[in-house]
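Results of the structural survey
The chain contents come next:
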Amino acid sequence: MKFKDNLPIYLQIEDYIYLQIAQGKLQAGEKLPSVRALALELTVNANTVQRALREMTAKGYIFTKRGEGSFVTTDEGLLEEMKSKLLKQELAAFVSRMEKLGVKRESLTGLLASYLDDTREE
Amino acid sequence: MKTLEIKDLSYHKNSKTILERVNLTLEAGKIVALVGANGAGKTSLMRVIAGLAKQYKGSVEVCGEADEDRRKQYIAMTDSLSAFRDSRKIKDVADFYRLVYPDFDDKQFADILEFMNLNEDERLGSLSKGMKEKLIIALVFSRKAKLYLLDEPFSGVDAMSRKKIIKSMLLWKPEEATLVISDHVLDEIAPVIDEVVLIKKHSVLEQRSAEEIRAEQESIEEWYEGFYEGEE
């Protein structure tokens, strides 16, 4: 995993875990790897992983059991909310890149529709 | 809890100013990059902290201990191994460490050697620059210290070995211990550090949290280079 160097890493770790959950690599109620294991896997500081987990706990997406570690929430509503936030974030990045290329917001849907049409699998 | 507290430190050598009015506090458990141009005083600062350079003014406390000989027990610093001849084997160096440092842990040393793909029967003369640096790191993390000082552990080391060394830091640094890594570039350690301390003009010019710098949409490298703009 390669991190952007001009964005706090704890935010990028949060996104990484959200993505794992959204892709089903981490299931509702499943135990997260330990702080140390995550730090090694991502080659980041354990304090930074801890901060990411703290933020996620505060938002309710994960919860901790004393002495057992962190778990993904089983609250379906929260998981849906998390996923839609993730989608919104991707869309925002896409729109901003298109705008930088000079595409006006109002032409986006038309462009996207014709692209999807052109690349539709028969 | 404070692991290191330096107050008003000045250090001169042969009437040349090496360090001037240095104030620095490092908390327990942090990973800190000590950066600055070559000759800025990074190595001298580490040597003063470690009690190897003694003719300084001001106070240096490690875990509350100011006396040079007594604070040594809390500190593990990298050694260039230049005192060992090329014909020496890795296990000879370990024997020496075991003798000199009561906190040297044999099991841990064997584990780190294995992780680094080093064999204790290899001779120092046959080690590449990267392998030698891996050995130096293995020796330092085999000691149970509160403050680890790594002096330029990446100079002349290839990218793969650098990654291995960084992973070993994450694996073997005790949770409550503080780790200081000096370097003049920051690329690969940037994601693993909590703080960056910049040495310039013989003193600590800046001490910043890495995440704080990134929160301002700036990379640590850009931040660091900003202090040298217009200089050659």
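Predicted model only: the values in this text are computed from it and were never measured.

A few words on the domain arrangement of chain A. Accessible area lost upon the coming together of the parts serves often as the stated size of an interface. Residue and element names in this part refer to chain A. Each domain of chain A was delimited in the assignment, giving domain 1 (9-75) and domain 2 (77-118). Its C-alpha centre places domain 1 at a distance of 27 Å from the equivalent point of domain 2. Facing 12 residues of domain 1, the contacting portion of domain 2 comprises nine residues. Taken as a group, Ala22, Tyr61 and Asp75 account for 54% of the area that domain 1 buries against domain 2, more than any other trio of residues on that side. There are zero salt bridges connecting domain 1 and domain 2. Where domain 1 packs against domain 2, one counts six residue pairs in polar contact (both at pLDDT 80 or more). At five residues, the largest contribution of residues to the side of domain 1 that touches domain 2 is made by helix H1 (residues 9-22).

With that settled, the discussion passes to helix H3 (residues 90-100) of chain B. All names here are of chain B. Buried within H3 we find Ile90, Val93, Ala94 and Tyr97. When H3 is viewed along its axis, its buried side chains cluster within an angular range of 100 degrees and face the same direction. In the core, the buried residues of H3 are packed alongside helix H4 (106-115) and helix H5 (129-141).

Attention now goes to the pattern of salt bridges. Close approach of charged atoms lets side chains of opposite charge pair. By the definition in use, this model includes 24 salt bridges over all chains. Arg105 of chain A is paired through a salt bridge with Glu99 of chain A; the nearest N and O atoms lie 3.4 Å apart. For Arg105 of chain A, a relative accessible area of 56% translates into the label exposed. With its nearest N and O atoms 3.0 Å apart, the salt bridge here joins Glu211 of chain B to Arg214 of chain B. Remark: Arg214 of chain B and Glu211 of chain B occur in helix H7 (residues 210-215); sequence separation between them is three residues, near one turn of the helix. You'll find Glu211 of chain B and Arg214 of chain B in the same group, each marked buried. Put simply, Lys54, Asp69 and Lys72 of chain B are held in one network by salt bridges that share partners.

All right, on to the nonpolar core then. All names here are of chain B. Ranked by internal contacts, the top residues of the largest apolar core, which has 52 residues, are Phe109, Leu135, Phe141, Ile189, Ile193 and Ile220. Ranked by residues supplied to this core, first place goes to H5 with seven residues. Aside from chain neighbours lying at most four places away, what touches Ile189 is Ala33, Phe154, Ile166 and Ile181. Core analysis: the second largest hydrophobic core is formed by 29 residues, Leu45, Val62, Leu149 and Val204 among them.

Attention now moves to the pairing of strand S1 (residues 2-13) of chain B. Residues and elements named next belong to chain B. Judged from the eight bridges that link them, S1 and strand S2 (residues 16-27) form a sheet pairing that is antiparallel. Of the residues in S2, the one forming a bridge with Glu5 is Thr25. Between the end of S1 and the start of S2, which pair antiparallel, lie two residues, with Asn14 showing a positive phi angle near 50 degrees. Sheet topology note: the S1/strand S4 (residues 56-62) ladder contains six bridges and is antiparallel. In the strand pairing of S4, Lys7 is matched with Ser59.

Thresholds, definitions, all that
- Residues numbered from 1 in each chain as written.
- Chains lettered and ligands numbered in written order.
- Predicted model: local features only at pLDDT ≥ 70, side-chain atom pairs only at ≥ 80, totals over all residues.
- Heavy atoms only, no water.
- Domains from an automatic or database assignment.
- Contact = heavy atoms within 4.5 Å.
- Buried area = accessible area lost by both parts, 1.4 Å probe.
- Salt bridge = Lys/Arg side-chain N within 4 Å of Asp/Glu carboxyl O.
- Polar contact = N/O pair within 3.5 Å; in protein donor to acceptor, adjacent residues only side chain to side chain.
- Helix = DSSP H or I, 4+ residues; strand = E, 2+ residues; numbered from the N terminus.
- Buried < 20%, exposed > 50% of the residue type's maximum accessible area, 1.4 Å probe, protein only.
- Arc of directions from axis to C-beta.
- Core = buried A, V, L, I, M, F, W, Y, C linked by side-chain atoms within 4.5 Å.
- Pairing = 2+ DSSP bridges.

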